[in-house]
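# Structure assessment
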Amino acid sequence: MLEAGPEAAGFTGQVWTLARVGRVITRVTGVVYASPSSVWRLLRAHGWSRQRSARRAVERDEEAVTTWRSTVWPRVEPPRSARVR
């Protein structure tokens, strides 16, 4: 079930979390794991590893980011005197 992805298990999005995995385990086997660390130990024992997404989205538009920083951000950034220290 994990290999099919979170959406195949009825979740929105393509990210497995320990809570989601725990719910799937309970749904399929009836076993309830009390903590995320228990689910994590079980996953590791079965050869699964933690994966993180890239820091920047592939779809990121650098030109749009640069334009936003130079035109929009100066209008919404609080003045230095108003910033919390």
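What comes next concerns the included structure.

### Some thoughts on the nonpolar core
Core analysis: the largest hydrophobic core is formed by five residues, namely Leu 2, Val 21, Ile 25, Val 39 and Leu 43. Those elements that place two or more of their residues in this core are α1 (18–29) and α2 (36–45). Apart from the residues within four sequence positions on either side, Ile 25 is in contact with Gly 30, Val 31, Tyr 33, Val 39 and Leu 42.

### Topic: the packing of aromatic side chains
In the structure shown here, the tally under the stated rule is two aromatic pairs. Both rings, one in Phe 11 and one in Trp 16, keep their centres 6.0 Å apart while their planes meet at 70°; by these two values the pair is edge-to-face.

### Examining the side chain of Arg 20
Positionally, Arg 20 belongs in helix α1. It turns out Arg 20 is buried and unbridged, and the closest side chain with the opposite charge, Glu 7, is 7.6 Å from it.

### Re α1
Between its first and last C-alpha, α1 extends 16 Å over twelve residues, near the 16 Å set by a 1.5 Å rise per residue. All buried positions along α1 are accounted for by Arg 20, Val 21, Gly 22, Val 24 and Ile 25. The secondary structure elements touched by the buried residues of α1 are α2. Of the residues trailing α1, Gly 30 is marked for its positive phi of about 85°.

Rules and cut-offs
Residues numbered from 1 in each chain as written. Predicted model: local features only at pLDDT ≥ 70, side-chain atom pairs only at ≥ 80, totals over all residues. Heavy atoms only, no water. Core = buried A, V, L, I, M, F, W, Y, C linked by side-chain atoms within 4.5 Å. Buried < 20%, exposed > 50% of the residue type's maximum accessible area, 1.4 Å probe, protein only. Helix = DSSP H or I, 4+ residues; strand = E, 2+ residues; numbered from the N terminus. Contact = heavy atoms within 4.5 Å. Phe/Tyr/Trp six-rings, centres within 6.5 Å; stacked < 30°, edge-to-face > 60°. Lys, Arg positive; Asp, Glu negative; His and termini not counted. Salt bridge = Lys/Arg side-chain N within 4 Å of Asp/Glu carboxyl O. Expected span 1.5 Å × (residues − 1).

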